[in-house]
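Structural overview for review
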Amino acid sequence: MSQIHVSTTLNGDPVEYLCEPDETLLDVLRDRLGLTGSKEGCGSGDCGACSVTVDGRLVCSCLVLGAEAQDREIETIEGVAQGENLHPLQQKILDHAALQCGVCTPGFIVAAKALLERNPDPSETEVRYWLAGNLCRCTGYDKIVRAVMDAAQEMRGA
Amino acid sequence: MVKVVLWGSVRAAAGGAETVEVEAKNVRQILDRIGELHPGFKDRYDEGVTVSIDGQIYVDDWFQPVTEDSEVYLLPYLEGG
Amino acid sequence: MLDKTKDPVAERDFKVVGTRPVRPDGVDKVTGRARFGADISAPGMLVGKVKRSPHAHAKLVSIDTEKALALPGVKAVVTRDDFAENKKQCDVLRNIMAREKVLYDGHAVAAVAATSATVARKALKLIEVEYDVLPHVIDVDEAMKPGAPLLHDDMITKGVDPEPETASNIAQRYEFGHGDVEKGFAEADVVVERDFKTAAAHQGYIEPHACLASFTPDGQGELWCCTQGHYAIRGFCADLLGMDISKLRVTASEIGGGFGGKTTVFLEPLALALSRKTGRPVKMVMSREEVFRASGPTASTSSRVKVGATKDGKITAGEAEFRYQGGAFKGSPVQFGAMCAFACYALENVKTVGYDVVTNRPKQAAYRAPGAPMAAFAVESVIEELAVELSIDPVELRLINAAEEGDQSSFGPTFPRIGLVETLEATKAHEHFSAPLGPNQGRGIASGYWFNFGGATSVSLNIQPDGTVALAVGTPDIGGSRASMSLMAAEELGIAYEKVKAIVADTASLGYNEVSHGSRVTFASGLATIEAARNAKKILCARAAKMWEIPEEAVEWVDGHARPAGANAGDFEPMSLADIAKVAEQTGGPISGHQEHNASGAGASFATHMVDVEVDPETGRAHVVRYTAVQDAGKAIHPSYVEGQFQGGAAQGVGWALNEEYIYNDDGRLENPGFLDYRIPVCSDLPMLDTVIVEVPNPGHPYGVRGVGETGIVPPMAAIANAVSAAAGVRMTELPMSPPKLLKAINAKKANGSA
Ligand code: FES
Ligand code: FES
């Protein structure tokens, strides 16, 4: 079984790698490219801890093959902050203490960012249904929802 | 003499007695005295034991002092999640 | 004894404690930098994987590893033969690797280390295991019956007199209580008695177990893993591998949730054994399926509760029998359930009996307030029914009987200052209490109790030359505790929160620290942090005294400064912590404070939860529409993280109440080992979770802190059951109250034509 050569764009930078035909994008990110911010909570598309965007579309990277990234634009949690500057979502999650263990946090930030790019003014219900694919066992979601709504408001005002 | 109330599974380990009166100035002396009275108690004590003195809970703390007026309960070893 | 009137803690003015700063590890966690269990690798690393039993119960006849070892890329296989018998850790040893028998679906039988995950997976298939399948038992009541398949031929029930002559699946019988329940029931005007069942729920942490082990030829080991207690892991591993404790250094990674489930070993000894055999680092990560099949869920239970009360609501007696199965080995948390069951009430007559039962399921692991939620579900459901029968408001009924300082607890000792009444009063005062309900909605209320522990703790606080402070604690941070520790250090030293940076140190750097369990971290590590800061202040004052050439006693520490006091007051300009730190080397050397102790004085925490549930009579789906959690925190160090603990407990309780359960098929295999079929609450399942922090200071802590991590999961199931029952008009006595079950109950009621 020979490996596949892939050229892609990752968080704005050109990247090349070799991967097995059956290797997931999540494994490529974590094990080959050293980007461990995306987490594996289930490997079956049920927890959202591995959330990334592919050409702007929110996906579970555990359900995407590494080979499918060819000629795509991949965004991960590592690309959300701009240098020193945290994204408003990141800042609001911190301000609201919307994390306890924090293992779900990268997935929530990537997913919420994708939401706000489509819908800058979501209702609480819209936020809850959009984020229903991201599991958090620690917080009960209350502070996460508040942080996302607050970030949305700030981003609209800015 | 300090009156010691044995509670739950500790009671079974000390031959079923509900209370014992022992000459003791601290937790370890209590445990030693009960161990002398009930040989089976020693194992339980090695597993760890929780002592409540006047409502305050101490886990495996031998030298906590007790007096004749202290309310002393021996409880099972406590663990949480 | 305690004096309620003088309460120095309540009077105290805090400067930093009680504020809500950003946590020290926050930025790492929102940028993806934080390194969790599976986020580390090492040069030359191998991948380890576990072969697991497909049978619920079988004799392990033989294991043939030859073919697997012949596969290119496979470097080692370990089986039972690689671990020596260990009397002390007999059950732990058998749980990490089956010996004589496999005792549950998912039980480890071999582990392999290979150059890649693909090769390791192939190798697992090549390991040939011969089983002799035995009959199995899954249900707790079935397991207790005479003639049930026996897990351990030598299990003689303890705690029964006379000792039984034959083996059974009942490991131990416990009994707690005082007074005379028969007399109590005779005095009652109303008696309610009910049977209950609860399903096994998994802790459901989002991060699967993971570790990286590396063992060098000179017998030294290093282990990186996600755990609630790296010192405990070190102890287990050193013991199972037969090595000196000091030769094994364990570093706790960031931990992606634990809730009690990460307090013991699963993969760690296997990874170390594989590394020892291969001389290379070995990384092991569980799949989600493995987490469900082989790491601890909590116990499933069955119980019977009987409570009697007079017409005016005074409870005259409470009696209960609890039967908890804790999986394949003894040690279900039934005794805690039996102890906590009636802890909310001041009872003259109370008796609880508990049975610790083994079944062919994974060994249960602690789960938040282990044992208490199931008991509270049963007791608080009966209290609610009693309130309905007596036409007394459920909060009133609880207030009439609530345990207070000076009452004898149902588990024995007299209660010190506790805050149950305050949580009930706060519940009554909350706007939610009198808010109108919509159609098909019901409101439920329940209270709960959990102990609080101290335990062995070591902390080191180092003052840096620039006046900042490095604080090293040995209790893994499972929910923002580094922020709380930093707040307490800053408060005590009189400096800004930003000047303190807390880290979790590895096992070689600090003295022993007990596991982060029993809601102990903020209490015990916090207490040690305060003491360490006080020790550092003594040294800081002594240094200032030297410089001023006055006696040490003539210097006091006020607002982050050493100040001449007494006769020398005003003689010198106060020196700040930074001033003294700058010249530390010249005045005697680096300054640090440390504390090692077995913390005592932990205060118990009570909670009352109130919930509105809407039930769809067509589908049987119950939906939580409003939730308020009220709990006594003693003193909230970082209120946001205290609220977070309340909310997290409530959310987990919603899952346990409405959806979560281990489902086994007839072969004893787990049918739902994944998040799709084992459904934990998602964002759209829940409303906002309101919280009220009650602060009744714990007299055993200088700031009044009580541990808050666990009590929050004690009341929810009962509160939700009470709400569902009110909404649907049927009393639900079995968890989870999933749509099919609820619909069946609603239809049965309709069929009976009762109102
Ligand atoms: S790891 Fe991809 S959804 Fe859970
Ligand atoms: S903060 Fe722990 S899972 Fe979300």
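Residues numbered from 1 in each chain as written. Chains lettered and ligands numbered in written order. Predicted model: local features only at pLDDT ≥ 70, side-chain atom pairs only at ≥ 80, totals over all residues. Heavy atoms only, no water.

1. A look at the sheet that holds strand S14 (residues 315-325) of chain C
Sheet strands pair via backbone hydrogen bonds, and the direction of the pair is either parallel or antiparallel. Residues and elements named next belong to chain C. Reading across from one edge, S7-S15-S14-S13-S8 is the order of the 5 strands in this open sheet, with mixed pairing throughout. The open sheet terminates on both sides in strands that have one partner only, identified here as strand S7 (170-178) and strand S8 (190-198). Each adjacent strand pair in this sheet contributes to an overall mean axis angle of 5°, direction not counted. The sheet contact formed by S7 and strand S15 (residues 350-357) spans 8 bridges and is antiparallel. In the sheet register, His-178 faces S15, and the bridge partner there is Val-350. Contacting S8, strand S13 (300-309) and S14, helix H12 (residues 372-390) crosses the sheet at an angle of about 145° to S8. (Pairing = 2+ DSSP bridges. Helix = DSSP H or I, 4+ residues; strand = E, 2+ residues; numbered from the N terminus. Axes fitted to C-alpha atoms, helices over the stretch in contact; angles between N-to-C directions. Contact = heavy atoms within 4.5 Å.)

2. Some thoughts on the domain arrangement of chain A
All names here are of chain A. Domain annotation of chain A identifies domain 1 (4-79) and domain 2 (88-156). Between domain 1 and domain 2, the C-alpha centre-to-centre distance is 21 Å. If you look at the interface, domain 1 gives 14 residues, while domain 2 gives 13 residues. For the domain 1 and domain 2 pair, buried surface summed over both sides reaches about 1000 Å², with 63% attributable to carbon and sulfur atoms. On the surface where domain 1 and domain 2 come into contact, there are 0 salt bridges. On the surface where domain 1 and domain 2 come into contact, there are 4 residue pairs in polar contact (both at pLDDT 80 or more). Elements with a contribution of two residues or more to the side of domain 1 that touches domain 2: strand S3 (51-54) and strand S4 (57-60). Ranked by residue count, the leading element in the side of domain 1 that touches domain 2 is S3, at 3 residues. Its residues placed into classes, the side of domain 1 that touches domain 2 shows 5 nonpolar, 6 polar and 3 charged. (Domains from an automatic or database assignment. Buried area = accessible area lost by both parts, 1.4 Å probe. Salt bridge = Lys/Arg side-chain N within 4 Å of Asp/Glu carboxyl O. Polar contact = N/O pair within 3.5 Å; in protein donor to acceptor, adjacent residues only side chain to side chain. Nonpolar A, V, L, I, M, F, W, Y, C, P; charged D, E, K, R; others polar.)

3. Some thoughts on the domain arrangement of chain C
Residues and elements named next belong to chain C. Parsing chain C into structural domains produces domain 1 (37-134 + 208-255 + 262-294), domain 2 (300-452 + 603-751) and domain 3 (454-599). Centre-to-centre, using C-alpha coordinates, domain 1 lies 40 Å away from domain 3. Tallying the contact residues gives 15 residues for domain 1 and 17 residues for domain 3. Here domain 1 packs against domain 3, burying approximately 1300 Å² in sum over the two surfaces, 57% of which is carbon and sulfur.

4. Description of the sheet that holds strand S22 (residues 575-576) of chain C
Residue and element names in this part refer to chain C. The strand order across the open sheet formed by 3 strands is S20-S21-S22, and the pairing between neighbours is antiparallel. Edge strands, defined here as strands with exactly one partner in the open sheet, are strand S20 (555-558) and S22. Of the strand pairs in this sheet, strand S21 (residues 561-564) and S22 are connected by 2 bridges, and their pairing is antiparallel. Looking at the pairing, Ala-562 lines up with Met-575 of S22. Lying on the sheet, helix H17 (residues 521-548) is in contact with S20, S21 and S22; it crosses S20 at an angle near 130°.

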